[in-house]
Amino acid sequence: MSQPLPRPNPFHPDNQPIVYSAYEMCLDLESRHDQVAKIQEVRLPSLICARLLGYMIREAPTAEGRNDFAREVKRCQLDPNIDMPFYLRQQRTDAALLDLAQLYNDHLLRVFHSKNSRTPTPKSHHSPPSFDAQNDVLNTSLVKTPIKDKAKENALHRDGYRCVITRRLDFASYKEKRVVSHPGDKVTVTEVAHIFARSTNEDLKHTQQLRAIEELNGPRIHRLENLLTLDVALHRFFDSLDLWFERSENDRINEYRMGGTDPIILLGLPPVVVFTTPDEYEFPVPDARYLALHAACARIAYLSGTGEYTAKILRDIETVGVLSEDGSSDVLYHALVRGVNVEVY
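So, how was this worked out
Residues numbered from 1 in each chain as written. Predicted model: local features only at pLDDT ≥ 70, side-chain atom pairs only at ≥ 80, totals over all residues. Heavy atoms only, no water. Salt bridge = Lys/Arg side-chain N within 4 Å of Asp/Glu carboxyl O. Buried < 20%, exposed > 50% of the residue type's maximum accessible area, 1.4 Å probe, protein only. Helix = DSSP H or I, 4+ residues; strand = E, 2+ residues; numbered from the N terminus. Arc of directions from axis to C-beta. Contact = heavy atoms within 4.5 Å. Polar contact = N/O pair within 3.5 Å; in protein donor to acceptor, adjacent residues only side chain to side chain. pLDDT = per-residue confidence, 0-100. Patch = residues over 30% accessible without salt bridge, like charges linked within 9 Å, V, L, I, M, F, W, Y side chains within 5 Å. Areas by Shrake-Rupley, 256 points an atom, 1.4 Å probe, with all protein chains shown as cover. Axes fitted to C-alpha atoms, helices over the stretch in contact; angles between N-to-C directions. Parallel < 35°, antiparallel > 145°, perpendicular 65-115°, else oblique. Nonpolar A, V, L, I, M, F, W, Y, C, P; charged D, E, K, R; others polar. Pairing = 2+ DSSP bridges. Phe/Tyr/Trp six-rings, centres within 6.5 Å; stacked < 30°, edge-to-face > 60°. 1 Å grid on protein atoms, 1.4 Å probe; cavity = no way out; pocket = protein on both sides within 12 Å on 5 of 7 lines; lining within 4 Å. Points joined across faces, edges and corners; volume = space filled by probe spheres on them.

Points about the pattern of salt bridges
Side-chain pairs of opposite charge can arise where the charged atoms are in close proximity.
Now for step 1: Under the definition given, this model contains 17 salt bridges.
Now for step 2: A salt bridge links Glu72 to Arg75; the shortest N-O distance between them is 3.3 Å.
Now for step 3: Take Arg75: its relative accessible area is 58%, and that puts it in the exposed class.
Now for step 4: Residue Asp159 pairs with Arg158 through a salt bridge whose shortest N-O separation is 2.9 Å.
Now for step 5: A residue is classified by how much of its surface remains accessible, and Asp159, at 5% relative accessible area, is buried.
Now for step 6: The network of salt bridges with common partners includes Glu59, Glu246, Arg257 and Arg299.

Looking at unusual backbone geometry
Now for step 1: With omega at 0°, the peptide bond leading from Arg7 into Pro8 counts as cis.
Now for step 2: Secondary-structure assignment places Pro8 in the segment before helix H1 (17-31).
Now for step 3: The backbone of Arg167 sits at a positive phi, close to 65°, despite the residue not being glycine.
Now for step 4: Backbone geometry places Leu241, a non-glycine residue, at a positive phi of 65°.
Now for step 5: With respect to the helices, strands and loops of the structure, Leu241 is situated in the loop between helix H9 (232-239) and strand S5 (243-247).

So, H9
Now for step 1: Of all the residues in H9, the buried ones are Leu234, His235, Phe238 and Asp239. Burial along H9 is one-sided: seen end-on, the buried residues are contained in an arc of 135°.
Now for step 2: Buried residues belonging to H9 abut strand S3 (190-194), strand S4 (227-231), S5 and helix H11 (288-304).
Now for step 3: The residue sitting at the N-terminus of H9 and contributing the capping side-chain oxygen is Asp231; that oxygen lies 2.9 Å from the backbone nitrogen of Ala233.
Now for step 4: Leu241 sits one or two residues past H9 and shows a positive phi near 65°.

Focus on the confidence of the model for the protein
Now for step 1: On average, the protein scores 80 in pLDDT, and the residues at 70 or more come to 75%.
Now for step 2: Under a pLDDT of 50 for its full length, residues 200-212 has, in the predicted model, 38 contacts with residues more than four places off or in other chains.
Now for step 3: Note on residues 322-345: pLDDT is under 50 here. Beyond four places in sequence and across chains, it has 38 contacts.

Digging into a nonpolar patch on the surface
Now for step 1: A grouping of Phe171, Tyr174 and Val187 is seen on the molecular surface, where their side chains present a nonpolar patch of about 240 Å² in accessible area.
Now for step 2: Mapped onto the elements, Val187 comes out in strand S2 (residues 187-188).
Now for step 3: Overall, the relative accessible area of 37% leaves Val187 in the partly exposed class.

Some details on the packing of H1 against helix H5 (residues 86-107)
Now for step 1: For the pair H1 and H5, interaxial distance at closest approach is 11 Å and the crossing angle is 100°. Between H1 and H5, the interaxial angle falls into the category roughly perpendicular. Judged by residue contacts, Met25, Asp28 and Leu29 of H1 engage Gln90, Thr93, Asp94, Leu97 and Leu98 from H5.
Now for step 2: Counted by class, the contact of H1 with H5 contains four nonpolar, two polar and two charged residues.

Here's the deal with the pairing of S4
Regular strands place their side chains on alternate faces of the sheet.
Now for step 1: Most of S4 is tucked away: five of the five residues are buried.
Now for step 2: Of the two faces of S4, the one holding Leu227, Thr229 and Asp231 and the one holding Leu228 and Leu230 are both buried throughout.
Now for step 3: Pairing of S3 with S4, which is carried by five bridges, proceeds in the antiparallel orientation. Residue pairing across strands places Glu191 opposite Leu230, the latter belonging to S4.

Structural notes on the packing of aromatic side chains
In this description, a pair of aromatic rings is defined by centroid distance and the angle of the planes.
Now for step 1: Evaluated as defined, the whole model comprises eight aromatic pairs.
Now for step 2: Arranged with centres 5.7 Å apart and planes meeting at 75°, the rings of Phe11 and Tyr23 form a pair that is edge-to-face. Separated by 12 residues along the polypeptide, Phe11 in the segment before H1 and Tyr23 in helix H1 bring together distant segments of the chain. The pair formed by Phe11 and Tyr23 is uniform in burial state, with each residue classed as buried.
Now for step 3: Ring geometry for Phe69 and Tyr104: centres 5.0 Å apart, planes at 85°, overall edge-to-face. Pair noted here: Phe69 is in helix H4 (residues 63-74) and Tyr104 is in helix H5, with a separation of 35 residues, a long-range link.

Quick notes on empty space enclosed by the protein
Now for step 1: Following the criterion strictly, the structure yields three cavities of 30 Å³ or more and no others.
Now for step 2: Here the second largest cavity is characterised by a volume of approximately 40 Å³.
Now for step 3: In terms of lining residues, the second largest cavity is bounded by Arg158, Asp159, Val164, Arg167, Val274, Phe275 and Thr276.
Now for step 4: Counted by class, the lining of the second largest cavity contains three nonpolar, one polar and three charged residues.

Rendered as structure tokens:
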């Protein structure tokens, strides 16, 4: 369930003036969401938009990312010196904030979903995000990338032919005698999970967007730093942003705490996971920056309510599959504009 933005403003107006002011704009939009909803037609509800923007400021994985995003929010505010009635200036500011929230929902939160989860594919936009996804998170040197058919094999080898969380053996590998079992071992069915989904680099034609995802462009999406071996059920939770990895409190390298949207998801899972590899150069572990952005987006989706809202839309599409009789366009909009296939009779 969507969580109200924490109050009072946690940022200091003297030390962090831009961040403080941007968060104030989010708090104001949240407090007026009913009024805004009557004025501006939006895809995401105005309350969720306000909370998405606010939690993006709070949950940004780096100070640089937080400052960059705060500037994006501030740019939505019209110059008070413009000769325009206050109510009209406020309406245009509100509309820009709602558009910004929709943009980040479509082009940042959703890039972590795989098509197996029936998640809409991000489309091009006139103003691509400049959050950590462009700067702090995706700027790195390229390494040798496995071809698609080798992705799971390489990830399995690196991860010891086990789910990285439960440490259960991959049953297919066990049957093929590629791994030796130990007393107490259990088996499962594993899949290769992409931190950034394979749809990240599809249907994006804007040149700036292409530069932003160059590190994961084409077959590079299958680089080992972007892959995890996960139990099938845990893969689904990871793709839906219901499960994530957080850096451990002692900040040990490659050690993470498990986070989730509901305690029942974490029931029976180890509280701490350590990534290991037989060869750091040939088989690098998952990239800490990718996992940090995934975790931040998962928390944002959970706290703001965007994850729950999107999941409901997708459930409606799966269940109904047709345009509702009351003429509601929400499902149809998400089906057509966001890239989900729906049959309309």
